[in-house]
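This is what each chain is made of:
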Amino acid sequence: MSNNSAEQFDAVIIGAGISGLYQLLKLRQQGMKVKVFETGDGVGGTWYWNRYPGARFDSESYSYAYSFSEELLDEWDWGEHFAGQPETLRYLNHVADKFDLRKDIQFNSKIKSAIYNDTTGRWLVEAEDGSQADGQFLITAIGPLSAFTMPNIPGIDDFKGESWHTARWPHEPISFEGKRIGVIGTGATGVQTIQEVAKTAKHLTVFQRRPNWCAPLNNGKITAAEQPDLKKRYPEIFKTCLETTGCFLHAPTMTSAHDATPEEREALYEKLYAERGFGIWVGAYYDTLMDETANQYLTDFIANKIRGRVKDPETAKNLIPVDHGFGTRRVPLETKYYEVYNQDNVRLVNVKDDPIETITAKGVKTIAEEHELDMLFYATGFDGITGAFDRIDIRGVNGVKLKDKWDEEVKTYLGMQIVGFPNMFTLVGPQNTATLCNIPRCIEQNVEWVSDTIQYMRDNKLNKIEPKDQFQEKWTKELIEMASMSMFMKVPSWISGQNSNVAGKDKPRYIVYMGGAPMYREVCDQEANSGYEGFNLA
Ligand code: NA7
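Residues numbered from 1 in each chain as written. Predicted model: local features only at pLDDT ≥ 70, side-chain atom pairs only at ≥ 80, totals over all residues. Heavy atoms only, no water.

J.: Would you explain the site of the ligand in this entry?
T.: Around the ligand sit 19 residues, and of these Thr189, Arg209, Arg210, Arg330 and Trp494 come closest. Here an oxygen atom of the ligand and a backbone polar atom of Ala188 are 3.0 Å apart. In this structure, Arg209 approaches the ligand through a side-chain N or O atom, which is 2.8 Å from an oxygen atom. Contact with the protein chains hides 85% of the accessible area of the ligand, taken as 780 Å² for the molecule alone. Taken together, the residues of the shell around the ligand break down into seven nonpolar, eight polar and four charged. (Near = heavy atom within 4 Å. Polar contact = N/O pair within 3.5 Å; in protein donor to acceptor, adjacent residues only side chain to side chain. Areas by Shrake-Rupley, 256 points an atom, 1.4 Å probe, with all protein chains shown as cover. Nonpolar A, V, L, I, M, F, W, Y, C, P; charged D, E, K, R; others polar.)

J.: Looking at this structure, I do not really get the domain arrangement of the protein chain. What am I missing?
T.: By a widely used convention, the size of an interface equals the accessible area lost when the partners come together. In terms of domain boundaries, the protein chain breaks down into domain 1 (8-43 + 101-148 + 384-476 + 516-537) and domain 2 (156-378). Relative to domain 2, the C-alpha centre of domain 1 lies at a distance of 33 Å. In this assembly, domain 1 packs against domain 2 so that about 930 Å² is buried in total across both faces, 68% of it on carbon and sulfur atoms. Viewed at the interface, domain 2 and domain 1 are joined by zero salt bridges. (Domains from an automatic or database assignment. Buried area = accessible area lost by both parts, 1.4 Å probe. Salt bridge = Lys/Arg side-chain N within 4 Å of Asp/Glu carboxyl O.)

J.: Help me understand the packing of aromatic side chains, please; the structure alone is not making it clear to me.
T.: When we look at a pair of aromatic rings, we describe it by the centre distance and by the angle of the planes. On inspection of all chains with the given rule, the structure shows 39 aromatic pairs. Here Trp281 and Phe488 contribute two aromatic rings whose centre-to-centre distance is 6.4 Å and whose plane-to-plane angle is 65°, an arrangement assigned as edge-to-face. Here Trp281, found in helix α10 (residues 279-282), pairs with Phe488, found in the loop between α17 (469-484) and α18 (517-529); they are 207 residues apart in sequence, far enough to count as distant. Each member of the pair, Trp281 as well as Phe488, carries the same accessibility label: buried. (Phe/Tyr/Trp six-rings, centres within 6.5 Å; stacked < 30°, edge-to-face > 60°. Helix = DSSP H or I, 4+ residues; strand = E, 2+ residues; numbered from the N terminus. Buried < 20%, exposed > 50% of the residue type's maximum accessible area, 1.4 Å probe, protein only.)

J.: Help me out: how do you make sense of the pairing of strand β14 (residues 363-366) in this one?
T.: Sheet analysis places strand β13 (residues 356-359) next to β14, joined by three bridges and oriented antiparallel. Along β14, the bridge assignment pairs Ile359 with Val364. Between β13 and β14, which follow one another and run antiparallel, lie three residues. In the sheet, β14 pairs with strand β15 (residues 370-372) via three bridges, with the strands oriented antiparallel. Counted as the bridge partner of Val364 is His371 from β15. Linkage of β14 to β15, two consecutive antiparallel strands, is achieved through a turn of three residues. (Pairing = 2+ DSSP bridges.)

J.: Help me out: how do you make sense of the state of the cysteines in this one?
T.: Joining two cysteines, a disulfide is a covalent bond between their sulfur atoms. Applying the stated criterion across every chain, the model contains one disulfide. This cysteine, Cys241, is not joined by any disulfide, and Cys247 carries the nearest cysteine sulfur, 6.5 Å off. Take Cys241: its relative accessible area is 0%, and that puts it in the buried class. Between Cys247, a free cysteine, and Cys437, which holds the nearest cysteine sulfur, the sulfur-to-sulfur gap is 3.7 Å. (Disulfide = S-S within 2.5 Å.)

J.: Looking at this structure, how should I read helix α9 (residues 262-274)?
T.: Owing to its 3.6 residues per turn, the α-helix aligns residues three or four sequence positions apart on the same side. The end-to-end C-alpha distance of α9, which contains 13 residues, comes to 18 Å, matching closely the 18 Å that a straight helix rising 1.5 Å per residue would cover. Residues of α9 that are buried sit in contact with β10 (215-216), α10 and α11 (292-309). (Expected span 1.5 Å × (residues − 1). Contact = heavy atoms within 4.5 Å.)

J.: Would you explain the pattern of salt bridges in this entry?
T.: For side chains of opposite charge, pairing can occur when their charged atoms come near one another. Scanning all chains against the criterion turns up 33 salt bridges. One network of salt bridges, in which partners are shared, links Arg180, Lys362, Glu372 and Asp374.

J.: How should a nonpolar patch on the surface be read in this particular structure?
T.: On the surface, Met254, Tyr286 and Met290 cluster together into a nonpolar patch covering about 370 Å² of accessible area. Residue placement: Met254 occurs in the loop between α8 (234-243) and α9. For Met254, a relative accessible area of 62% puts it in the exposed group. (Patch = residues over 30% accessible without salt bridge, like charges linked within 9 Å, V, L, I, M, F, W, Y side chains within 5 Å.)

J.: Just to check I follow, could you spell out α17 for this structure?
T.: An ideal rise of 1.5 Å per residue puts 22 Å on 16 residues; α17 measures up with 22 Å between its terminal C-alpha atoms. Among the residues of α17, those classed as buried are Gln472, Trp475, Thr476, Leu479 and Ala483. All buried residues of α17 lie within an arc of 90° about the axis, which places them on one face of the element. Seen from the open side of α17, the exposed residues pointing more than 90 degrees away from its buried face are Gln470, Lys474 and Lys477. Buried residues along α17 sit against β19 (465-467) and α18. (Arc of directions from axis to C-beta.)

J.: Help me out: how do you make sense of the sheet that holds strand β12 (residues 346-350) in this one?
T.: Hydrogen bonds between backbone groups are what pair the strands of a sheet, and the pairing can be parallel or antiparallel. Taken together, five strands build an open sheet; the order of strands is β7-β16-β8-β9-β12 and the sheet is parallel. The outermost strands of the open sheet, each flanked by one partner alone, are β7 (162-165) and β12. Strand after strand, the sheet turns through a mean of 15° between neighbouring axes, direction not considered. Two elements, β7 and strand β16 (residues 375-378), share four bridges in a ladder whose sense is parallel. Bridge pairing in β16 links Trp164 to Phe377. (Axes fitted to C-alpha atoms, helices over the stretch in contact; angles between N-to-C directions.)

So, in structure tokens, the structure goes:
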């Protein structure tokens, strides 16, 4: 029953990225009528939008793939240990084709509002083009890093050359040959972009506000001979991922950095630095991200590596972070990134010392000089985790706006639901472990938990679910206590909920669950096994 003319669905999902696609498949398999709205003209979410040069996984391809279908695992051959964006987008299109997902997805449909009707207990979802859908359940699959942010620098529209944010990169190939290029931002995206653009640009100017600690990706092709063995190992690969804190293939070394001799520490760090992927970040001594001194050992090691790889000592100094230890912000993984700064066509501008005043018609004007450019790329990041929610007018019981609530303080239960927003589930949302995870591994958990919860409701003829206030309070309080001990909260980044380009987001916000995926999974399972004691079901 509804009092609008929109077509009725059991569930409306916003977003056709990795989480939205799997959620659609699961609910469809449960016999539900589902509609997905997607802003882009294709599936893939993050991998649809982030087409910038050099975009690729930092998780091993075979640990990142969906694990739910053996047939899918068997038939897909990853080409590289860390797949590039084109390969990943091909994979997600293959998934959409294989499971015939597109027929329930409405593309080119950016959602402007999702309004709960107190009388009918249903959600009315409306796109910018006026198309609507009415659903019993609303499931947001809108991505933690999808709301990109331009820098708060005056003059952006004045630039006469070509310019893009990396998350809105054009679909056609772009040549850098003969071009003077500028990149603002040196996070994971900036690093991948810079190392690629530097290969062919006539000149590249990197505008760096704060350096990040980067470490080698150590990527490589997966040979045809390796494929069968890799496929045989899938059960073991996914088992390892389930056991580690962030669902990566790398587990911490379970001894303290303090118990090792300097030689032993050096040997472990060297080994991890030479290994593929995030081992250097999450595979070092267990206290590396908890204890300042333990952290300093690894920080010093990485600083020495940078000094050894960058020829000019002044440039090396500028590339070494001084305001945070290794691993306390997201570690960009790189391929010859530091060597880029040994090239004659590359210049590093430290905009902490020489701030950008304005973007001009010709390029970027810092206090000291004007840098003339033909192209300017903004790798300036995202309004993380809550940003995509803020951009939709989401209203719950009594018309209360989610943005207003979260502007005061972000509170959720399990990072899955919010008091006052019945029947709305937030995949990879705030205070969920999935944002700090090898994301598809946590997405699968999120989607399966939501699907099981909905199935439980259907089996028990229940039609409304909403967290109990005291459970939401307890979850948020414990999450804050846990995060307060973490070194991540001491440094500004999207993980600590900060973005200097967004008003009101210049202070730490507790939007990430830091207890790790195994503990999170356990809490979610306990909740289900208890008959959802933290929720009001009606
Ligand atoms: P990040 O990691 O948020 O990086 C954004 C970068 O842009 C970072 O270096 C910022 O410097 C810089 N930035 C932002 N605003 C400005 C202004 N106004 N002036 C100069 N520099 C600025 O985003 P990414 O896209 O690289 O990575 C996001 C995630 O995607 C990443 O963690 C992976 O999980 C994948 P700052 O450090 O704030 O001084």
